[in-house]
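Structural features, examined
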Amino acid sequence: MRRLVLVAVTVALLGALPVLAQQPGHVVAMPDTLKWVEPPTLPGARLAVVQGDPSKDGLFVYRLKMPANYKVPPHLHKASENVTVLAGVFHIGLGEKFDQGSGQELPVGGFVSIPPNHAHFAWAGSQETVVQVHGVGPTDLTFVNPADDPRKK
């Protein structure tokens, strides 16, 4: 049994080496140097990439700033999405239909991890909300209902 666990840990560590090797050195990001842009998939919100490039292979970190009561329609990603609430209140719900009654409230410090290809939706509370998202790319955002995709309007 010990040998099996040791082999599993070794395989997991070796599998992570290519991702870790992509990091040339440490990264320091200060809040006042982040470049906030309006993402085409989430008009009205602001996004700042902290590290990496979510559309490419490797580690990525970005922040999403949403105005009060902002809604993100049901969608999914091809990579895991790990979200930490930095400011405000963030709500997350699972499924293909937007239903605020079935969501869960996450306060500052709250965390949620959503596996790849799992439909979910989100909304901000009654004040501006900032979340930090990290994962291993490439990732994307695909709306469950194509009519919700602002890139197609």
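In case you missed it, the structure is sitting above this.
A few words on the sheet that holds strand β4 (residues 81-87). The strands making up a sheet associate through hydrogen bonds between their backbones, and the pairing can be parallel or antiparallel. Ordered by their spatial adjacency, five strands build an open sheet running β1-β2-β9-β4-β7, and the pairing between neighbours is antiparallel. Two strands bound the open sheet, and with one partner strand each, they are β1 (46-51) and β7 (111-114). Ignoring which end each strand starts from, the neighbouring axes of this sheet average 25° apart. Across five bridges, β1 lies against strand β2 (residues 58-66) in antiparallel orientation. From the neighbouring strand, R46 faces β2, where its bridge partner is K65.

On inspection of all chains with the given rule, the structure shows two salt bridges. Where K56 meets D53, a salt bridge forms, and the shortest distance between an N and an O atom there is 3.7 Å. With a relative accessible area of 29%, D53 lands in the partly exposed category. A salt bridge links D149 to R151; the nearest nitrogen and oxygen atoms lie 2.8 Å apart. Owing to a relative accessible area of 45%, R151 belongs among the partly exposed residues under this scheme.

Rules and cut-offs
- Residues numbered from 1 in each chain as written.
- Predicted model: local features only at pLDDT ≥ 70, side-chain atom pairs only at ≥ 80, totals over all residues.
- Heavy atoms only, no water.
- Pairing = 2+ DSSP bridges.
- Helix = DSSP H or I, 4+ residues; strand = E, 2+ residues; numbered from the N terminus.
- Axes fitted to C-alpha atoms, helices over the stretch in contact; angles between N-to-C directions.
- Salt bridge = Lys/Arg side-chain N within 4 Å of Asp/Glu carboxyl O.
- Buried < 20%, exposed > 50% of the residue type's maximum accessible area, 1.4 Å probe, protein only.

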